[in-house]
Protein chains: 2
Amino acid sequence: MAGTDRQRENLTGGPAIILVEPQLGENIGMVARAMANFGLSNLRIVNPRDGWPNDKAVSAAAHADHVIDGVVVFETLEAALADLNLVYATTARPRDGHKPVRGPVEAGAILRGRENTGEKTGILFGRERIGLRNWEVGLADEIVTFPVNPAYASLNIAQAVLLMSYEWMKSGLSSSHETAFDKPEVEPAPKADLHGLFAQIEQGLDARGYFRSETKRMKAVDNLRAVLTRPGFSTDEINVLRGLFASFDRFDPQGKRQPARSGKSGPRAGATGVSEGDGHE
Amino acid sequence: MAGTDRQRENLTGGPAIILVEPQLGENIGMVARAMANFGLSNLRIVNPRDGWPNDKAVSAAAHADHVIDGVVVFETLEAALADLNLVYATTARPRDGHKPVRGPVEAGAILRGRENTGEKTGILFGRERIGLRNWEVGLADEIVTFPVNPAYASLNIAQAVLLMSYEWMKSGLSSSHETAFDKPEVEPAPKADLHGLFAQIEQGLDARGYFRSETKRMKAVDNLRAVLTRPGFSTDEINVLRGLFASFDRFDPQGKRQPARSGKSGPRAGATGVSEGDGHE
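1. Observations concerning the confidence of the model for chain A
All names here are of chain A.
- Averaged over all residues, the pLDDT of chain A is 83; the fraction at 70 or higher stands at 85%.
- Residue range residues 1-6 is modelled with pLDDT below 50. Its contacts to residues more than four positions away, or to other chains, number 19 contacts.
- Note that pLDDT drops below 50 for residues 260-281; the model gives that stretch 33 contacts with residues more than four away or on any other chain.
- Our summary of model confidence lists the complex with pTM equal to 0.73 and ipTM equal to 0.70.

Below is the structure:
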């Protein structure tokens, strides 16, 4: 959603993504892009149908050049797995072989743990149409499967790679609530500023006879103050609101200036010298 | 990775996915597919560049027909949001406005909670090239952002929708370790079966003078038994192994039958009447 920024840290490494006999270059490119998005860079391809290098892969990779340039092609799956200590197979359906079956979160955490101890790991993804053959799944240690809609379980290989890459990235965060940027700090204003706003509004309402009786006034004022307190407005925000109310206070809807009001009239737009006591009356 | 199965439960509902001025029909189709994968079905489009319906969207949707058929097109973002109680905006960069910023896991959990109490929720996704404008983000309650590689932060809209749809699905699981299918149950064999395997192998090794001394024998046997115990073999698996060792025991590599061995020779292939004591010798 934002542009690529080559100045920023480029995360690389992590589990190898191993595509078994992928057919479409576009898919290989989208896989590379998904890997780059989430900090993976080791892409291995077993017998790509259309050979390698592949122009369509390059264009679909949308400048994930470091992944595309690092692709290693293998003639056999065994060769692609030879140096790996732990291998996952992705599959949407149960297989024989009594392998542990993990969800993506758990698999991400296991992969992170094993990589952290210096092991080499990989994740196998099958062909577009038929996925992995049973004997290929048999070469893996464990299975990872996605929690999909039972009626619509068909995941494109680039989507499947994206989800595992994303879970890899997440497994390295200190918490799943960690985000790349935070809500900008809003410092709630000192209460005096808020009380000044209360005073201004309440005086304006009093001047208009808004409160029918003192009893009703107390209740309505409590309510109003609660509404204005909850957001934790900053001083800047309160000044914006004071300007708004001052503007409403000064002119009638036809744009004519209201006549000066008696004793209770409040601060005008831009008034800043509101004493701490204003809101307590 | 597996075919669509229309007989199985089709998960629908959940937060509305709202695409703001998407340009490419292919992307809209891939969004529909990603939604269907993870049980979302409410797709709203604000001012699609190429109009609606869109043939390219239909073909890229890969039979996610229930999502495509349910698309509602709006002329303004305000109209698209009018009936929603809680709206997230997806964005890769900080914005003004002091909105809470969530990761996808947390946002998925919040959305699930609000939908469970009967509120209507939605998630906003921006245009392919420039994402959401600031005023559009301003109409949302909270921001969700993805933990991406800082050097390669550009997520395709279909990928972004996939991740949020996936987190929506996950937020409904009883645990992130829940999987659509489980490891087939392997019942570890009664220990007698395992001990029978020990006996067979150790007798075969004894017959070949494999153990140089009784001291070395004890250590090697302990080691061997540890290796054979850890997997928790089932009775069927143990029978496969016993057949293997029996076969090795009976023939030399050239296929000639070995001469009969003295007193210590163990069970032959297919032997099943192994007493519980066999492994304890």
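From this point, the narrative continues.
2. Some words on the interface of chain A and chain B
- Facing 68 residues of chain A, the contacting portion of chain B comprises 68 residues.
- Summing both sides of the interface, chain A and chain B together bury roughly 6300 Å²; the carbon and sulfur share of this comes to 62%.
- A salt bridge links Glu167 of chain B to Lys170 of chain A, with the nearest nitrogen and oxygen atoms 3.2 Å apart.
- Counting across the interface, chain A meets chain B through 25 residue pairs in polar contact (both at pLDDT 80 or more).
- Elements represented by at least two residues in the side of chain A that touches chain B include exactly α1 (25-37), β5 (101-102), α5 (104-116) and α7 (157-171) of chain A.
- For the side of chain A that touches chain B, the leading source of residues is α7 of chain A, giving nine residues.
- In terms of residue class, the side of chain A that touches chain B is made up of 36 nonpolar, 17 polar and 15 charged.

3. A few points about the nonpolar core
- Counting residues in each nonpolar core, the largest one holds 80 residues, and the members touching the most others are Ile17, Val31 and Leu43 of chain A together with Ile17, Val31 and Leu43 of chain B.
- Once you skip the residues sitting within four places of it in the chain, Val31 of chain A turns out to touch Ile17, Leu19, Leu43, Ile157, Ala158 and Val161 of chain A.

4. Looking at the relation of the copies chain A and chain B
- Expressed as a screw operation, the relation of chain A to chain B combines 0.1 Å of axial shift with a rotation of 180 degrees, fitting to an RMSD of 0.2 Å. Given the turn and translation reported, the copies of this chain are related as if by a two-fold rotation axis.
- Same-surface contact between copies: 99% of interface residues of chain A are shared with the interface of chain B.

Rules used in this analysis
- Residues numbered from 1 in each chain as written.
- Chains lettered and ligands numbered in written order.
- Predicted model: local features only at pLDDT ≥ 70, side-chain atom pairs only at ≥ 80, totals over all residues.
- Heavy atoms only, no water.
- pLDDT = per-residue confidence, 0-100.
- Contact = heavy atoms within 4.5 Å.
- Buried area = accessible area lost by both parts, 1.4 Å probe.
- Salt bridge = Lys/Arg side-chain N within 4 Å of Asp/Glu carboxyl O.
- Polar contact = N/O pair within 3.5 Å; in protein donor to acceptor, adjacent residues only side chain to side chain.
- Helix = DSSP H or I, 4+ residues; strand = E, 2+ residues; numbered from the N terminus.
- Nonpolar A, V, L, I, M, F, W, Y, C, P; charged D, E, K, R; others polar.
- Core = buried A, V, L, I, M, F, W, Y, C linked by side-chain atoms within 4.5 Å.
- Buried < 20%, exposed > 50% of the residue type's maximum accessible area, 1.4 Å probe, protein only.
- Least-squares fit on C-alpha atoms with pLDDT ≥ 70 in both.

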